[in-house]
Amino acid sequence: MKTIATLLAVAAFALAANTADAKDCLKGAVVGGVAGHYAGHHAVLGAIAGCAYGRHHAREQARQQQEHDAPAAQPPAGQEKL
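Rules used throughout
- Residues numbered from 1 in each chain as written.
- Predicted model: local features only at pLDDT ≥ 70, side-chain atom pairs only at ≥ 80, totals over all residues.
- Heavy atoms only, no water.
- Helix = DSSP H or I, 4+ residues; strand = E, 2+ residues; numbered from the N terminus.
- Buried < 20%, exposed > 50% of the residue type's maximum accessible area, 1.4 Å probe, protein only.
- Areas by Shrake-Rupley, 256 points an atom, 1.4 Å probe, with all protein chains shown as cover.
- Disulfide = S-S within 2.5 Å.
- Salt bridge = Lys/Arg side-chain N within 4 Å of Asp/Glu carboxyl O.

Trainee: Go over the overall build of the protein, please, and point to the residues and values.
Mentor: Along the protein, the regular secondary structure elements total three helices and zero strands. In the protein, the succession of helices and strands from N to C terminus is α-α-α. Out of the 82 residues belonging to the protein, those deemed buried represent 26%. In the form shown here, the protein has an accessible surface area of approximately 6400 Å², with 65% of it arising from carbon and sulfur atoms.

Listed below in structure tokens is the structure:
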């Protein structure tokens, strides 16, 4: 019964996430579900927390990549256009 509830929770989060976050949500949910199961039979709560963390981590990485790829808004000091 708990396995079915876990799979339903993971599926719900996977469908709610957009395609970029779905992979990270599923990976986090699997890890969180396993950890929650061994930490006191809380697999569903672990899967939910793992999905949330996976999505957060993916967004942080995307933001950092975007900042890294974006050109500098201001030229370095002393090199302004005349």
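The rest of the description comes next.
Trainee: Help me get a handle on the state of the cysteines, residues and values and all.
Mentor: Counting across every chain of the model gives one disulfide. Bridging Cys 25 to Cys 51, the disulfide has an S-S length of 1.9 Å. Residues Cys 25 and Cys 51 are joined by a disulfide whose S-S torsion is about -95 degrees; by sign, that bridge is left-handed. In this pair, Cys 25 sits in helix H2 (residues 19-38) while Cys 51 sits in helix H3 (residues 43-69), placing the two residues 26 residues apart along the sequence. For Cys 51, a relative accessible area of 0% translates into the label buried.

Trainee: Requested: an account of the pattern of salt bridges, with residues and values cited.
Mentor: Two side chains carrying opposite charge are able to pair once their charged atoms lie near each other. Counted by the stated rule, this structure contains three salt bridges. Asp 24 is the salt-bridge partner of Lys 27, the closest N and O atoms lying 4.0 Å from each other. Note that Lys 27 and Asp 24 are positioned in helix H2 at a spacing of three residues, about one turn of the helix. Take Lys 27: its relative accessible area is 51%, and that puts it in the exposed class. Given the relative accessible area of 18%, Asp 24 is considered buried. Connected via shared salt-bridge partners are Glu 60, Arg 63 and Glu 67.

Trainee: If you had to explain the environment of Ala 22 to someone new, which residues and values would you point to?
Mentor: Among the structural elements, Ala 22 can be located in helix H2. On a C-alpha basis, the gap between Ala 22 and Ala 58 in space is 9.8 Å, while along the polypeptide they are 36 residues apart.

Trainee: Lay out the environment of Ile 48 with the relevant residues and their values.
Mentor: Its location among the elements puts Ile 48 in helix H3. The exposure class of Ile 48 is partly exposed, given its relative accessible area of 31%.

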